[in-house]
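# Observations on the model geometry
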Amino acid sequence: MQAWVIGNWKQNPATSHDVDLLLNDLLTTIDTKEQADTEPSNSRCQLMVAPSCIHLAAVSAHLAGSSILSAAQDVSAYSASVGAYTGDCSAQQIADAGATWTILGHSERRQYHNESHDTLLQKMIHALTQGLGVVFCIGETQAQYDAKQTLEVIDAQLLVVKDLLAQQPELIVSLSEHLIIAYEPVWAIGTGKVPTVSEVSQTHQHIKQTVTGFAESLKVMSVLYGGSVNADNADSFAADSMIDGALVGGASLKVESFLAIANAFSQAKG
Ligand code: PEP
């Protein structure tokens, strides 16, 4: 199965100029590597980057013709297309900007924007019906982890997928190709702390079993790990058969570490 390594740039870089520098560096490094390796670097690992909304159209245009996909970090819950929703960006506008995926339910959006089950369900419906793939983030807080509530929390968050299928049963056929789950313990994001590979593996097994219970076709859905993945620890996550890739924050802003993570997954899943 092809691995995924997705860079969540969050509210970075600060300027369009810095975005261009980062992308030029990324594309040039990949090009040089491909010429040396004779094998396309994305053959076993699909790369994707999620810039801030203001940079999305430029990033998508810059990446057109390359093997790297672009994603938004969020979509409007209120309308899939147009409307009086100040500050929002719709799934249709995101697709029009050239992106093919969106992240949804990142813990920072759940925390700072109070994203609820109903909001995320609406966002997911809008994204999928506009043809966008969805990287759906789930994960427990430190207090929930300490209280051994990880699976309970995840089960509650995954109900969005169950309810999606109940409301839009026609999506079942293609959902495994358009939905990726990113398991991101909140306490591991940007902290340098990581769960053990065995903990992540067991949680991923649980996620895969749970979504397969919603629809047999989701058996092949990719489940990524996110939370302080870096060039040093990527190998150990990549080696586990339950971990289909990584959602990367901080380390995706440096080409060297982002591609080292991609290389770890590419090698391990080859
Ligand atoms: C993230 O925000 O999705 C993330 C995984 O961040 P970091 O890699 O910096 O922990």
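Our subject in this report is the structure included herewith.

So, how was this worked out
- Residues numbered from 1 in each chain as written.
- Predicted model: local features only at pLDDT ≥ 70, side-chain atom pairs only at ≥ 80, totals over all residues.
- Heavy atoms only, no water.
- Phe/Tyr/Trp six-rings, centres within 6.5 Å; stacked < 30°, edge-to-face > 60°.
- Helix = DSSP H or I, 4+ residues; strand = E, 2+ residues; numbered from the N terminus.
- Buried < 20%, exposed > 50% of the residue type's maximum accessible area, 1.4 Å probe, protein only.
- Axes fitted to C-alpha atoms, helices over the stretch in contact; angles between N-to-C directions.
- Parallel < 35°, antiparallel > 145°, perpendicular 65-115°, else oblique.
- Left-handed = near helix turned anticlockwise from the far one by under 90°.
- Contact = heavy atoms within 4.5 Å.
- Nonpolar A, V, L, I, M, F, W, Y, C, P; charged D, E, K, R; others polar.
- Salt bridge = Lys/Arg side-chain N within 4 Å of Asp/Glu carboxyl O.
- Pairing = 2+ DSSP bridges.
- Right-handed = clockwise from strand over helix to strand, strands pointing away.
- Near = heavy atom within 4 Å.
- Polar contact = N/O pair within 3.5 Å; in protein donor to acceptor, adjacent residues only side chain to side chain.
- Areas by Shrake-Rupley, 256 points an atom, 1.4 Å probe, with all protein chains shown as cover.
- 1 Å grid on protein atoms, 1.4 Å probe; cavity = no way out; pocket = protein on both sides within 12 Å on 5 of 7 lines; lining within 4 Å.
- Points joined across faces, edges and corners; volume = space filled by probe spheres on them.

## Looking at the packing of aromatic side chains
- The full count for this structure, using the stated rule, is five aromatic pairs.
- Plain terms: the ring middles of Tyr145 and Trp187 are 4.5 Å apart, the flat faces sit at 40° to each other, and that makes the pair tilted. Of this pair, Tyr145 sits in helix 6 (residues 142-146) while Trp187 sits in the loop between strand 6 (179-183) and helix 9 (197-214), placing them 42 residues apart in sequence.
- Tyr145 gets classed as partly exposed once you look at its relative accessible area, which sits at 26%.
- The class for Trp187 is buried, based on a relative accessible area of 8%.

## Let's talk about the packing of helix 5 (residues 117-129) against helix 7 (residues 150-167)
- Two numbers describe how helix 5 lies on helix 7: the axes approach to 10 Å, and their chain directions differ by 55°. In terms of orientation, helix 5 and helix 7 fall into the oblique class. The crossing of helix 5 and helix 7 is right-handed. Where helix 5 approaches helix 7, its residues His117, Leu120, Leu121, Met124, Ile125 and Leu128 are matched on the opposing element by Leu159, Val160, Asp163, Leu164 and Gln167.
- Split by residue class, the contact of helix 5 with helix 7 holds eight nonpolar, two polar and one charged.

## Comments concerning the pattern of salt bridges
- For the coordinates displayed, the defined rule picks out seven salt bridges.
- The shortest N-O distance in the salt bridge between Lys208 and Asp244 comes to 2.6 Å. Separated by 36 residues along the polypeptide, Lys208 in helix 9 and Asp244 in the loop between helix 10 (234-238) and strand 8 (245-248) bring together distant segments of the chain. For the pair Lys208 and Asp244, a shared accessibility class is recorded, and that class is buried.

## Structural notes on the pairing of strand 4 (residues 101-104)
- Of the two faces of strand 4, the one holding Trp101 and Ile103 and the one holding Thr102 and Leu104 are both buried throughout.
- Of the pairings in the sheet, the one linking strand 3 (residues 69-72) to strand 4 comprises two bridges and is parallel in character. Opposite Ala71, over in strand 4, you have Trp101 as the bridge partner.
- In the classification by handedness, the crossover that spans strand 3, the intervening helix 3 (residues 91-96) and the parallel strand 4 is right-handed.

## So, the site of the ligand
- Surrounding the ligand, one finds 14 residues, the nearest of these being Lys10, Glu184, Gly190, Ser228 and Gly249.
- Contact distances for the ligand include 2.6 Å between an oxygen atom and a backbone N or O atom of Gly190.
- Within the backbone of Ser228, a nitrogen or oxygen atom sits 2.7 Å from an oxygen atom of the ligand.
- In isolation the ligand has 290 Å² of accessible area, and contact with the protein removes 95% of it.
- For the shell around the ligand, the residue count by class is four nonpolar, eight polar and two charged.

## Points about the layout of surface pockets
- Reported here for the largest pocket is a volume of approximately 650 Å³.
- Lining the largest pocket are 25 residues; nearest its centre among them are Gln73, Asp74, Arg109, His113 and Glu115.
- The set of elements that each furnish at least two residues to the lining of the largest pocket consists of helix 4 (107-112) and helix 5.
- Broken down by element, the residue count for the lining of the largest pocket peaks at three residues, all from helix 4.
- Grouping the amino acids of the lining of the largest pocket by side-chain chemistry returns eight nonpolar, ten polar and seven charged.
- Roughly 280 Å³ of internal volume is contained in the second largest pocket.
- Elements with a contribution of two residues or more to the lining of the second largest pocket: helix 7 and helix 9.
- Ranked by the residues each element gives to the lining of the second largest pocket, the list is headed by helix 9, at five residues.
- Among the residues forming the lining of the second largest pocket, the class breakdown is six nonpolar, five polar and three charged.

## Some points on the environment of Gln267
- Mapped onto the elements of the fold, Gln267 is located in helix 11 (residues 255-268).
- The exposure class of Gln267 is exposed, given its relative accessible area of 53%.
- Sequence separation between Gln267 and Thr191 is 76 residues, and the spatial gap between their C-alpha atoms is 26 Å.

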